[in-house]
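Spelled out, the chains give:
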Amino acid sequence: MLLREINPFVRQAINCSISSNAKYDVFNELQSADCRLFYMISGEGSMVIEGHKYDLNSGDCILFQSGTKYIWQINEQHELNYISINFDYTHNFYSIKKPFHPVHSNMFSPEDILENITFYDCPALNNHIVLPASNSYESKFRRIVTEYYLGGDFSDELLSSLLKSLVISIVRELNGNDKNPLSNNFELTRKIMQYIQNNYAQEISYESIAKSFHLNPIYANRVFKKISGVSLYSFLINYRIDMAMELLRSTNIEVKEIAFMVGFSDLPHFIKTFKKHTGKTPSKYRNSSE
């Protein structure tokens, strides 16, 4: 198969956490019937993939095909928070909607694998991929999770398109064709993204962000938009809305408090901005996610 031919089917996209208390999954060799894509949000731990151990940090991205052997390793008193996407590279098995939970390798057989895909133009996808410090992709991961929860008309098609774009971005970065990791502009953009992700709840603007990096605001915004495709302000607002959606889905915190928690000092402005981005008010979004 060629990369351009993929038509991914997203079977599940959720926020997860795993700790040493998860006796079934931790320190056991696991395999899954479909493909896996992980994005590490926070916490401490490691993963052994086909015998290779990788320490995991915030922003790390992991991608592998069905049947890959992997082991979660989590130290006591710690846990990992991450986004997990279960998917196929084609729609050949779209009729199977129920997510597959990984099983112990001694219970897994080759016949359990849904698809055996061989990529001819990007052989890296035939093996596991671990891409460190991929913080710039967090908003894409969160967009997929949000769309999976919301559903609606043509959701399957949109999820497929979003995941295809994300997989291609990962491959391009791995191959060095998308952007040069040594580029000053790329490194600057990565650092600004990390700064926003760490400080989005504070009262910040693109001017204050630029000042934090001793840059002219116009220059900082121009570089950021060239590398990321969006302005500093758009990235900040999108990230705040993404975090608000996660809080609305996973907690019972009042809407007004959530607005302040994600950096909005004015509730009407938060509601208006939220509806502009999602098509729903925060309350309606919360109800549709239950």
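Anything mentioned here points back to the structure above.
All values reported here derive from a predicted model rather than from experimental measurement.

Here we come to the sheet that holds strand S10 (residues 129-131). Strand order in the open sheet formed by five strands is S1-S8-S3-S6-S10, and the pairing between neighbours is antiparallel. The open sheet terminates on both sides in strands that have one partner only, identified here as strand S1 (9-19) and S10. Direction aside, the axes of adjacent strands within the sheet are offset by 15° on average. Bridge count for strand S3 (residues 35-43) against strand S6 (residues 61-64) is four bridges, and the pairing is antiparallel. What sits directly across from Phe 38, in S6, is Ile 62. Contacting S1, S3, S6 and strand S8 (79-88), helix H1 (residues 138-150) crosses the sheet at an angle of about 110° to S1.

Let us now look at the packing of aromatic side chains. Under the definition given, this model contains 17 aromatic pairs. Ring centres 5.7 Å apart and planes at 80° place the aromatic pair Phe 38 and Tyr 82 in the edge-to-face group. One end of the pair, Phe 38, is in strand S3; the other, Tyr 82, is in strand S8, and 44 residues separate them in sequence. For the pair shown, Phe 38 and Tyr 82 are each scored as buried. Judged by centre distance (5.0 Å) and plane angle (85°), the rings of Phe 87 and Tyr 89 are edge-to-face. Across this residue pair, the class does not change: Phe 87 and Tyr 89 are buried. Ring pairs connect the aromatic residues Phe 38, Phe 64, Tyr 70, Trp 72 and Tyr 82, which therefore count as one cluster. The ring of Phe 264 has Arg 240 lying over it, and the distance from NZ or CZ to the ring centre is 5.9 Å.

What follows covers the pattern of salt bridges. Across all of its chains, the model carries six salt bridges by this definition. Arg 11 is the salt-bridge partner of Asp 34, the closest N and O atoms lying 2.9 Å from each other. With a gap of 23 residues between them, Asp 34 in the loop between strand S2 (30-31) and S3 and Arg 11 in strand S1 connect regions that are remote in the sequence. Arg 11 is paired through a salt bridge with Asp 88; the nearest N and O atoms lie 2.7 Å apart. With Arg 11 in strand S1 and Asp 88 in strand S8, this residue pair connects regions lying 77 residues apart in the sequence. Using a relative accessible area of 2% as the deciding quantity, one classes Arg 11 as buried.

The rules behind each value
- Residues numbered from 1 in each chain as written.
- Predicted model: local features only at pLDDT ≥ 70, side-chain atom pairs only at ≥ 80, totals over all residues.
- Heavy atoms only, no water.
- Pairing = 2+ DSSP bridges.
- Helix = DSSP H or I, 4+ residues; strand = E, 2+ residues; numbered from the N terminus.
- Axes fitted to C-alpha atoms, helices over the stretch in contact; angles between N-to-C directions.
- Contact = heavy atoms within 4.5 Å.
- Phe/Tyr/Trp six-rings, centres within 6.5 Å; stacked < 30°, edge-to-face > 60°.
- Buried < 20%, exposed > 50% of the residue type's maximum accessible area, 1.4 Å probe, protein only.
- Lys NZ or Arg CZ within 6 Å of the ring centre and 35° of its normal.
- Salt bridge = Lys/Arg side-chain N within 4 Å of Asp/Glu carboxyl O.

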